[in-house]
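Listed below are the residues making up each chain.
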Amino acid sequence: MSIPEDFLKQLEQYSELSHRQKEVFLEMFGRSKNRVQVTQELNISESNLGTCLTGIYKKFCITCNGPVKESRLREYLSKRYAQQKPSGHLTTDDVNDSIDTLVQEIRKQIKPYIKEKCGTMKVLDMPKPIELTGKQGIYTNVNILEEITGRRRLKVAELMQSSDHDNFERLGLSRVKQKRVSGLEVVQRYSKLMVLGKPGAERLFF
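Right, let's walk through the structure included here. For clarity, every value in this text was computed on a predicted model and none was experimentally measured.

Once that is clear, we can look at the pattern of salt bridges. For the structure on display, the rule yields ten salt bridges. A salt bridge links Glu5 to Arg31, with the shortest nitrogen-to-oxygen separation between them at 2.6 Å. Taken together, the residues span a long stretch of sequence, with Glu5 in helix H1 (residues 5–10) and Arg31 in the loop between helix H3 (19–30) and helix H4 (35–42) at a distance of 26 residues. The class of Glu5 is partly exposed, set by a relative accessible area of 22%. We note a salt bridge from Arg31 to Glu27, for which the minimum N-O separation is 2.4 Å. Residue classification places Arg31 among the partly exposed positions, given a relative accessible area of 38%. For Glu27, a relative accessible area of 5% puts it in the buried group.

Below is the structure:
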């Protein structure tokens with residue numbers, strides 16, 4: 001998160017920094033650049049950058065050790081900025097920018113998880129999951145029934161007509177006589193669909 005440069009320049013500690021320290025301070029905390037980018041932008045060595053940061057941390061009384069100093073200073077500056085600009089005075093643009101930034105960060109974090117969980121499938125003895133899309137993706141051509149076959153009301157005469165006398169066990173109930181409709185045609189025609197059946201034996205109705 002970057003902090004407005006105008007705010008950073010108003011801090012009392014900023015006025016106590018050297019010219020080079022001010023440049024490093026604005027690049028890192030006002031423009032959110034990392035250490036490599038700062039050395040390239042200001043054409044300084046890593047050791048010179050470290051010396052500047054040490055002086056900056058000292059002015060802001062950041063006394064912890066290691067790389068955590070940068071996050072501590074950033075946190076301190078963010079709190080100072082929030083105190084100067086109460087949430088009640090935020091403009092609509094500020095709120096929208098904050099929400100958009102948060103949404104983008106969340107999407108970036110959860111995208112790999114969603115892609116892993118919902119974008120692959122492993123079936124039975126597959127050595128590894130395969131992607132559902134792309135060149136090796138899975139696609140099943142679906143045909144759909146418009147009526148639930150198990151809820152038909154048939155008379156004895158109708159059952160006898162569809163029965164197989166050589167295989168009289170189920171009176172032909174397992175045979176589907178209805179016309180099947182293309183799955184793509186169904187989703188284009190109807191706004192509501194229902195999946196009926198146990199896993200691996202689903203039937204879709206609308």
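Here we take up helix H5 (residues 46–59). For H5, with 14 residues, the first-to-last C-alpha span of 20 Å sits near the 20 Å given by 1.5 Å per residue. Turning to H5, its buried residues number three or more, namely Leu49, Cys52, Leu53, Gly55, Ile56 and Tyr57. Buried positions along H5 lie against H3, H4 and helix H6 (68–84). Following H5 by one or two positions, Cys61 adopts a phi angle in the positive range, close to 60°.

What counts and how
- Residues numbered from 1 in each chain as written.
- Predicted model: local features only at pLDDT ≥ 70, side-chain atom pairs only at ≥ 80, totals over all residues.
- Heavy atoms only, no water.
- Salt bridge = Lys/Arg side-chain N within 4 Å of Asp/Glu carboxyl O.
- Helix = DSSP H or I, 4+ residues; strand = E, 2+ residues; numbered from the N terminus.
- Buried < 20%, exposed > 50% of the residue type's maximum accessible area, 1.4 Å probe, protein only.
- Expected span 1.5 Å × (residues − 1).
- Contact = heavy atoms within 4.5 Å.

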